[in-house]
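The lines below spell out each chain.
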Number of protein chains: 2
Amino acid sequence: MQLDHPLYAPYHVTSPFKLASIDTSDTQGWKKEDAKVKRAQNREEIAELQERLYAEGKRSVLLVLQAMDAAGKDSTIESITRGVNPQGVHVTSFKAPSKEELAHDFLWRVHDHAPRKGTIGIFNRSHYEDVLIVKVKGFAPPALVEKRYGHISDFERLLADHGTRIVKVMLYASKDHQLERFRQRLEEPSKWWKFNPADLKERELWDQYMAAYETALNRTSTDYAPWYVVPAEKKWFRTLVVSQLLLDTLKQMNPKYPPPSFDPAEFPPDSLV
Amino acid sequence: MQLDHPLYAPYHVTSPFKLASIDTSDTQGWKKEDAKVKRAQNREEIAELQERLYAEGKRSVLLVLQAMDAAGKDSTIESITRGVNPQGVHVTSFKAPSKEELAHDFLWRVHDHAPRKGTIGIFNRSHYEDVLIVKVKGFAPPALVEKRYGHISDFERLLADHGTRIVKVMLYASKDHQLERFRQRLEEPSKWWKFNPADLKERELWDQYMAAYETALNRTSTDYAPWYVVPAEKKWFRTLVVSQLLLDTLKQMNPKYPPPSFDPAEFPPDSLV
């Protein structure tokens, strides 16, 4: 089985890649009702495959999610993990690093959250922030940031060689779409806690962020850790695409229930007392 | 609001407590269909309250689940967390301790998984194993185990004083019910990986385990970290009871969206560009 479903194949990053090649509002002509049906089917298949991955206990999946503010990372994670046994999924949200974390190389804190065998790890933001915000805001010397693309690919190969299937997704929405989402947050007091005036400052750096994303995507999309740039403006469509990616990844891995630790012939059910 | 809903009030442990006072197949006359409706309502309320807990970011919940094998810990956790944002829930499954963990006091590894503010932590097994299996199998000197009830209560008070609401649940099923569940596992090859002949050895120690549970329940059910012994033989009933406990705990905490970090008057939605 190849990872080439029409739902995500057009969004696979192969260098040279331009963000402008992706239509942020694309839905491939899908209707919302049909997407929901497909999504529900995918959910059942993912739950079944995840149980096998967990039982097998030999390999893991790492789903990296990156996006600008308000592109839907949280809601995508919520939707993707619904119906999946929470003991086999671990979501890590990477915030601004602590002093202790800054006292180490940038991958130190990330390594600690690499998914354990049998589980699916989801990164809400990730080590890519160290070549995105860090680059745009100048938090590290440019010569060091330049080296990090290689560090990242080396690190991801280490994980891949030890049984982790890596899939990386940028949820891609337009600057106008973000504006609309920010306005919605301001109109609803129960969403105020999600809004910070500092977010408007980041907005002013939109073009620099897009340039940093484009560089990162081109330099770190590998066969063992590919990037997909998913149109994110329609919630139901982005969720469908990411669920299809996760499903096909699991299908390709084809995890198996392990052989029993006992001889079933020696333990007929009726023999138990 | 008091935590005294009829669904769980009869199962609240107050010393002197006897396990024999609980009917493991109790359903309080509930019908499965009605339980499912109530369960769905609870799920929505829990999801809403959890979002507020997460937004508030000041307090946390710790749900401790203990049970003998095959009483339904995994399926209870799966059901309870369904529909809840996975970024605000962290499930920790405590297995046999590693050499590194054994090189510290028994609470060292547990402390590391105390729920962070804004989240719900769920322990699948816990520090209570250190006064259960450890006591029954003699893995630690009896005089040390004897001291641990106090260590546990001191530790739980530390967490409670720092904003963690602790709820502890023993899922209680009979020895015969376990036998039935083991037989079901042996009849279904896709469940073989869950079966281990060593589980039958533990079964022989059933009475010693029940005595250890009874001691632990009596000595560590406090006002800040109460125990509930929930009849677990009907999956739909045990799930309903635990969901009601979690819901009422969250309701009593009554988390609030934090005040905005900005003056809303200064940021009318239309002002954004």
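Just above sits the structure.
Residues numbered from 1 in each chain as written. Chains lettered and ligands numbered in written order. Predicted model: local features only at pLDDT ≥ 70, side-chain atom pairs only at ≥ 80, totals over all residues. Heavy atoms only, no water.

> Kindly report on the environment of Ile166 of chain A, identifying the contributing residues and their values.
All names here are of chain A. Secondary-structure assignment places Ile166 in strand E4 (residues 164-172). Among the residues examined, Ile166 registers a relative accessible area of 1% and is labelled buried. The spacing of Ile166 and Gly121 is 45 residues in sequence and 9.5 Å in space, taken between C-alpha atoms. Excluding its chain neighbours within four sequence positions, the residues that come into contact with Ile166 are Leu62, Glu156, Leu159, Ala160, Tyr224, Ala225 and Pro226. (Helix = DSSP H or I, 4+ residues; strand = E, 2+ residues; numbered from the N terminus. Buried < 20%, exposed > 50% of the residue type's maximum accessible area, 1.4 Å probe, protein only. Contact = heavy atoms within 4.5 Å.)

> Would you mind going over the layout of surface pockets in detail, with residue names and values included?
Residues and elements named next belong to chain A. Here the second largest pocket defines a volume of roughly 300 Å³. Lining the second largest pocket are 13 residues, with Lys36, Ser79, Arg82, Lys235 and Thr239 sitting closest to its centre. Of all the secondary structure elements, the ones that give two or more residues to the lining of the second largest pocket are helix H1 (32-56), helix H2 (73-81) and helix H10 (235-253). Per-element tally for the lining of the second largest pocket: the top contributor is H1, with five residues. A per-class count over the lining of the second largest pocket returns three nonpolar, three polar and seven charged. (1 Å grid on protein atoms, 1.4 Å probe; cavity = no way out; pocket = protein on both sides within 12 Å on 5 of 7 lines; lining within 4 Å. Points joined across faces, edges and corners; volume = space filled by probe spheres on them. Nonpolar A, V, L, I, M, F, W, Y, C, P; charged D, E, K, R; others polar.)

> Outline the nonpolar core, supporting the account with residue identities and numerical values.
Membership of the largest hydrophobic core comes to 73 residues, with the highest contact counts inside it found for Leu19, Val169, Met170, Leu171, Met210 and Val229 of chain B. Ranked by the residues each element gives to this core, the list is headed by helix H10 (residues 235-253) of chain B, at ten residues. Grouped together as the second largest cluster of nonpolar side chains are 72 residues, Tyr11, Ile46, Leu63 and Val241 of chain A included. (Core = buried A, V, L, I, M, F, W, Y, C linked by side-chain atoms within 4.5 Å.)

> How would you summarise the sheet that holds strand E1 (residues 60-67) of chain A if you had to cite specific residues and measurements?
Residues and elements named next belong to chain A. Judged by pairing direction, the sheet is parallel, and its five strands sit side by side in the order E2-E3-E1-E4-E5 without closing on themselves. One side of each edge strand has no neighbouring strand; the edge strands of this open sheet are strand E2 (89-93) and strand E5 (227-231). Neighbour-to-neighbour, the strand axes of this sheet turn through a mean angle of 20 degrees, independent of strand direction. With five bridges joining them, E2 and strand E3 (residues 120-124) adopt parallel strand pairing. Bridge assignment links Val91 to a residue of E3, and that residue is Ile122. Contacts from helix H9 (residues 206-220) reach E1, E4 and E5 within the one sheet, and its direction differs from that of E4 by about 155 degrees. (Pairing = 2+ DSSP bridges. Axes fitted to C-alpha atoms, helices over the stretch in contact; angles between N-to-C directions.)

> Break down unusual backbone geometry for me, citing the residues and quoting the values.
In the segment running from Ser15 of chain A into Pro16 of chain A, the intervening peptide bond is cis, with an omega of 0 degrees. One non-glycine residue with positive phi stands out, namely Asn254 of chain A, at about 50 degrees. Tracing the backbone through its elements, the reader meets Asn254 of chain A in the segment after H10. Phi angles above zero are rare outside glycine, and Arg125 of chain B is one such case at about 65 degrees. Mapped onto the elements, Arg125 of chain B comes out in the loop between strand E3 (120-124) and helix H5 (133-137).

> Residues and numbers for the relation of the copies chain B and chain A, please.
Superposing chain B onto chain A takes a rotation of 180 degrees plus a shift of 0.0 Å along the axis, which leaves an RMSD of 0.0 Å. Overall, the copies show the geometry of a two-fold rotation axis. No C-alpha of chain B lies nearer the rotation axis than that of Arg82 of chain B, which sits 3.2 Å from it. Taken as a fraction of all interface residues of chain B, those also at the interface in chain A reach 100%, which identifies the copy contact as same-surface. (Least-squares fit on C-alpha atoms with pLDDT ≥ 70 in both.)

> Kindly report on the packing of aromatic side chains, identifying the contributing residues and their values.
According to the stated counting rule, one finds 22 aromatic pairs over all chains in the structure shown. Pairing Phe195 of chain A with Phe267 of chain B gives two aromatic rings, centres 6.0 Å apart and planes at 65 degrees, and the pair type is edge-to-face. Taken together, the residues Phe195 of chain A in the loop between helix H7 (175-187) and helix H8 (198-204) and Phe267 of chain B in the segment after H10 connect one chain to another. Taking 6.4 Å as the distance between ring centres and 70 degrees as the angle between the ring planes, the aromatic pair formed by Phe262 of chain A and Trp192 of chain B counts as edge-to-face. (Phe/Tyr/Trp six-rings, centres within 6.5 Å; stacked < 30°, edge-to-face > 60°.)

> Go over the sheet that holds E3 of chain B with me, naming the residues and quoting the values.
Neighbouring strands of a sheet are bound in pairs by backbone hydrogen bonds; such pairs are parallel or else antiparallel. Residue and element names in this part refer to chain B. Strand order across the open sheet formed by five strands is E2-E3-E1-E4-E5, with parallel pairing between neighbours. Bordering the open sheet on either side are strand E2 (89-93) and strand E5 (227-231), each of which pairs with just one other strand. Neighbour-to-neighbour, the strand axes of the sheet open up by a mean angle of 20 degrees, direction not taken into account. Inspection of the sheet shows strand E1 (residues 60-67) paired to strand E4 (residues 164-172) by eight bridges, in the parallel sense. From the neighbouring strand, Leu63 faces E4, where its bridge partner is Val167. Helix H6 (residues 142-161) contacts E1 and E4 of the sheet and is inclined by roughly 135 degrees relative to E4. Along the sheet, H10 contacts E1, E3, E4 and E5; its crossing angle with E4, the most-contacted strand, is approximately 170 degrees.

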